[in-house]
Amino acid sequence: MSHDVPLISMIAIAFGLAFIFGYLADRIRLPPLVGYLVAGVIIGPFTPGFVADGALAAQLAEIGVILLMFGVGLHFSPSDLLAVRKIAIPGAVGQIGLATALGVGLAWLWGWSLGAGLVLGLSLSVASTVVLLKALEERDMLNTAEGRVAVGWLIVEDLAMVLALVLLPALAEVLGGHAPGAAGGHGAGSDGPIWLTLALTLGKVAAFSVLAIVLGPRVVPVILTNVARTGSRELFTLSVLAIALGVAYGSAVLFGVSFALGAFFAGVVLNESRFSHKAATDSMPLQDAFAVLFFVSVGMLFDPSILLRDPLAVIAVVALIVIGKSLIAFGIVILLRFPVGMGLAVSASLAQIGEFSFILVGLGMSLGLLPEEGRDLVLAGALLSITLNPAVFAGVAALRKHLQAKRAAGVPPYGWEQFEQLQSSLADARHQAEEREKEHDLQIQALAKTFPVLSLLDAHEQERLMMLFRPKSAVPGERIIRKGDRANAMYFISSGAVEVLMEGQTIRLGAGTMFGEMALLSGQRRNADVAAVDYCQLQVLERRDFNQFTARHPALRTALIDMAAQRRKMNQQDAATDEAVAASESAA
């Protein structure tokens, strides 16, 4: 190679191999994530051939973590979680606690420290949202009660892992590791008591959370609104990524919290704005690309020889993930008095681990809590459990059919009453979501109905125009436009009425009409005064937005020009009529 370009070579080879093995994994009905991990193993230091730069891979992986956590926050739905809270919250908390205890027990048998066992147990207790969603989509279960419960369960797991990412660094020294940034355990740790360290950590997290929740919804929508008005898709995407990375970096520098937590809150804040859907859609390609690099970088850390060096440990880890976690989840569902079928579906959904496990393993190693063997065992467990997950779902489906066939006709299944209540809660949540979507659609329909000229636009462009509007109210007698002023906006009357005073004429305009477009189209100064004669609600389209939007939609601009010409002609005719009447009256 004529130039030393390790970053380009690593990205090119990583994407190329991830594509090949991801495609092959999909062809054999495995999640592409397995292929990405295998691609990482191939370019890692434990296999022959090309070895990618580990330091660069680690930084790219950190960006992948930020964008993954941003996506988790962006898709976090409190209403969905509340609908399944009676089973998802106690179920996830109980399952994390018991699975972590099993992990600690395994680590104790291997002679590891409590900290290593805790990191191992937490890593094995949390399932992959990416793998789960794909598995549910393939089986048309995403919108079923079982699917909604499984997703809600994983939301609670994700939130618990966010808390673990915050607390582990504060507890690292007590658990046998070292403070963040203290390489080899000889750096500057915390000199105070553990309760003080923990209190400071939680205080910083609380301060950041309050700032994000209070300030975020006031600042972020304003930024995105101004960017959306530029009409530039790349600027909007850039603003979303700048918010995600900027908040993540700022939270780490100013508050000492992890990149992951900052990115998660950035996603939550953005999720509450009206731009959440557009932000998710526009940022998805880059999220996917860096997620691939994250999984490849994780695969680079895996030493395949662990499968031969310590096969019993690998089997124990896989058994804990596939069998142990499944039995725990099934038992909790039954204890909560929900049907056996739901317990089986949730068990199969949780019988794998993924992205959060990798994040926890990386943190555990950086804190000196987890040995390299632990990392290899978790990665082996992830690869094998994800590979086995389709077989687990198939086995559960066969068992459910067998149990349904054996159940006596007319006898309600165990947990039927709880299931009916859950169905009712899910139906209410679905109805609320549909109402919000319906309200949004009605706003767009009302816009086209009130202003028929906008029916020239499709629904997507009508929605975009709504984002450009700036609402304005006017009280009776308020002067909205002054004659001689520069044309700076066009006005759409949603309700109320105005009077246009021009050359001795008074023209009344009501809801569904517009004014101010003539001067914008001609480039001349205002030639009339406009005042409100009623309480008015106006939608204002600024001059720059008007020019950019109509430039993209020449048919709309032509229609507005025609309407302006017709109005001008009518005004001239009315003026001529008034003059004729005045002349006849004076002659009489």
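Residues numbered from 1 in each chain as written. Predicted model: local features only at pLDDT ≥ 70, side-chain atom pairs only at ≥ 80, totals over all residues. Heavy atoms only, no water.

Digging into the overall build of the protein
When you go through the protein residue by residue, the secondary structure sums to 22 helices and eight strands. Out of the 588 residues in the protein, the part that is buried amounts to 47%. Long-range contacts, defined as pairs at least 24 residues apart, comprise 79% of the intrachain contacts of the protein with a sequence gap of at least 6. If you sum the accessible surface of the protein, you get close to 28,200 Å²; carbon and sulfur atoms cover 63% of it. (Helix = DSSP H or I, 4+ residues; strand = E, 2+ residues; numbered from the N terminus. Buried < 20%, exposed > 50% of the residue type's maximum accessible area, 1.4 Å probe, protein only. Contact = heavy atoms within 4.5 Å. Areas by Shrake-Rupley, 256 points an atom, 1.4 Å probe, with all protein chains shown as cover.)

Things to note about the nonpolar core
W153, F294 and M342 are the most contacted members of the largest nonpolar core, which has 124 residues in total. A per-element tally of this core places helix α8 (residues 145-171) first, with 13 residues. Apart from residues no more than four positions distant in its own chain, W153 is found in contact with I87, A88, G91, A92, Q95, A329, I332, V333, V346 and L350. Formed by 20 residues, the second largest nonpolar core is a distinct cluster that contains F451, L454, F469 and A519. (Core = buried A, V, L, I, M, F, W, Y, C linked by side-chain atoms within 4.5 Å.)

Observations concerning empty space enclosed by the protein
Evaluated as defined, the whole model comprises three cavities of 30 Å³ or more. In this model, the largest cavity occupies a volume close to 80 Å³. If you go around the largest cavity, the residues you meet are R29, L30, P31, V131, K134, A135, E138, R139, I386, N389 and P390. Counting residues per element, the ones that place at least two in the lining of the largest cavity are α7 (129-138) and α17 (372-406). It is α7 that contributes the most residues to the lining of the largest cavity, four residues altogether. (1 Å grid on protein atoms, 1.4 Å probe; cavity = no way out; pocket = protein on both sides within 12 Å on 5 of 7 lines; lining within 4 Å. Points joined across faces, edges and corners; volume = space filled by probe spheres on them.)

Looking at the packing of helix α3 (residues 54-74) against helix α10 (residues 233-255)
Contact geometry of α3 with α10 gives a least axis separation of 10 Å together with a crossing angle of 110°. Classified by the angle their axes make, α3 and α10 are roughly perpendicular. Residues I63, I66, L67 and F70 of α3 lie in contact with α10, whose contacting residues are V240, L241, A244, L245 and A248. Of the residues that constitute the contact of α3 with α10, the class distribution is nine nonpolar, no polar and no charged. (Axes fitted to C-alpha atoms, helices over the stretch in contact; angles between N-to-C directions. Parallel < 35°, antiparallel > 145°, perpendicular 65-115°, else oblique. Nonpolar A, V, L, I, M, F, W, Y, C, P; charged D, E, K, R; others polar.)

Describing the sheet that holds strand β3 (residues 489-495)
For sheets, the rule is that strands pair by backbone hydrogen bonds, running either parallel or antiparallel. Read from one edge to the other, the open sheet built from four strands follows the order β1-β8-β3-β6, with strand pairing classed as antiparallel. Since the sheet does not close on itself, it has two edges, and those belong to β1 (470-474) and β6 (514-515), each with one partner. Inspection of the sheet shows β3 paired to strand β8 (residues 536-542) by six bridges, in the antiparallel sense. Bridge pairing in β8 places M490 opposite L541. (Pairing = 2+ DSSP bridges.)

So, the pattern of salt bridges
This structure, assessed with the given rule, holds six salt bridges. Across the pair K472 and E478 runs a salt bridge, and its minimum N-O distance is 3.7 Å. Assessed through its relative accessible area of 26%, E478 is described here as partly exposed. Salt-bridge contacts for R479 lead to D529; the nearest nitrogen and oxygen are separated by 3.7 Å. Of the two residues, R479 is situated in strand β2 (residues 479-481) and D529 in strand β7 (residues 529-532); the sequence distance between them amounts to 50 residues. (Salt bridge = Lys/Arg side-chain N within 4 Å of Asp/Glu carboxyl O.)

Thoughts on the environment of I63
By the secondary structure assignment, I63 is in helix α3. On the basis of relative accessible area, I63 is assigned to the partly exposed category, the value being 28%. Along the sequence, I63 and F259 sit 196 residues apart, while their C-alpha atoms lie 9.0 Å from each other. Not counting residues up to four positions away in its chain, the partners in contact with I63 are L245 and F290.

Quick word on the sheet that holds β2
Spatially, four strands are ordered β2-β7-β4-β5 in an open sheet, and the strand pairing comes out antiparallel. Every interior strand has two partners, whereas the edge strands, β2 and β5 (505-510), have only one. Neighbour-to-neighbour, the strand axes of this sheet turn through a mean angle of 30°, independent of strand direction. Taken together, the two bridges between β2 and β7 define a ladder with antiparallel strand orientation. Paired with I481 across the two strands is V530, which belongs to β7.

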